[in-house]
Amino acid sequence: MTRLLIIFLGFLSFSHQGAAAPQRISCTSQTGEFSARYWSEQAKKNRAFGQNQKANQLEQNAAFCETSEFGRKVIITFDAELPNENEEISAEFQLYTLCGMEGGDVIPARISANQNELSVAYYHPRYRTMRYFQIERPSLKGGFVSQRDFQCQFRSFDVSDRLF
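All of the points below concern the structure found in this document.

Time to look at the environment of valine 74. In this structure, valine 74 sits in strand 2 (residues 72-78). We classify valine 74 as buried; its relative accessible area is 0%. Valine 74 sits 49 residues away from isoleucine 25 along the chain, and the two C-alpha atoms are 8.0 Å apart. Dropping the residues within four chain positions of it, valine 74 is found in contact with Ile25, Ser26, Cys27, Phe93, Gln94, Leu95, Phe133 and Phe150.

Time to look at helix 2 (residues 32-48). Taking 1.5 Å of rise per residue, the 17 residues of helix 2 would be expected to cover 24 Å, and the 24 Å separating its terminal C-alpha atoms lies within 8% of that figure. If you check which residues of helix 2 are buried, you get Gly32, Ser35, Ala36, Trp39, Ala43 and Asn46. An end-on view of helix 2 places all buried positions within 105° of arc, on one side of the element. Set apart from the buried face of helix 2 by more than 90 degrees, the exposed residues are Glu33, Lys44 and Ala48. Contact partners of the buried residues in helix 2: helix 3 (52-65). Two residues or fewer past helix 2, glycine 50 is found with a positive phi of approximately 80°.

The next subject is unusual backbone geometry. One non-glycine residue with positive phi stands out, namely asparagine 86, at about 65°. Examined against the element boundaries, asparagine 86 turns out to sit in the loop between strand 2 and strand 3 (88-97). Unlike most non-glycine residues, valine 145 shows phi in positive territory, near 55°. Looking at the secondary structure, you find valine 145 in the loop between strand 8 (141-144) and strand 9 (150-156).

Our focus in this paragraph is the packing of aromatic side chains. Going through the model one piece at a time under the given rule, you end up with six aromatic pairs. Centroid distance phenylalanine 133 to phenylalanine 150: 5.2 Å. Interplanar angle 85°. Geometry classified as edge-to-face. Note that phenylalanine 133 is positioned in strand 7 (residues 129-136) and phenylalanine 150 in strand 9, a separation of 17 residues in sequence. Like phenylalanine 150, phenylalanine 133 is buried. Relative to phenylalanine 150, the ring of phenylalanine 144 has its centre 6.3 Å away and its plane inclined at 80°; by these criteria the two rings are edge-to-face. Both residues of the pair, phenylalanine 144 and phenylalanine 150, belong to the buried class. Grouping aromatic residues by their ring pairs yields a cluster made of Phe93, Tyr122, Phe133, Phe144 and Phe150.

The rules we used
Residues numbered from 1 in each chain as written. Predicted model: local features only at pLDDT ≥ 70, side-chain atom pairs only at ≥ 80, totals over all residues. Heavy atoms only, no water. Helix = DSSP H or I, 4+ residues; strand = E, 2+ residues; numbered from the N terminus. Buried < 20%, exposed > 50% of the residue type's maximum accessible area, 1.4 Å probe, protein only. Contact = heavy atoms within 4.5 Å. Expected span 1.5 Å × (residues − 1). Arc of directions from axis to C-beta. Phe/Tyr/Trp six-rings, centres within 6.5 Å; stacked < 30°, edge-to-face > 60°.

Take a look at the structure:
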């Protein structure tokens, strides 16, 4: 009986540790290949108008994006369960642009929810304004303002994964 109790208590502590793991929502928009085509087109347009220096930079962007898995990526990390309606929880927000070449700064954020979507609010220091990233609950499509060009997924992760 004591042996069974020890096994049961061990199982409870193990399952509790799993439940306490931080959560992550990872959202990507477009493939790197799609973004590479976009930057190549922009380079052609700039070259046609005689803006060769800018065209060269855009071609470098295209070359970098060719091997990337994404065009843009949002990562939202939080330690609690998702909030119920009229509740908020703290989170960290990261936005990678240019196929991961730019961004990735960790910005404090707040997650709120209603029946249809999650809303992640954060202060954008560069533009000095509040920004909102919404994720539709049924489809897990996300984006800014009314665009929903990101596909999101939920993940638990180990704290060592933050080393990425």
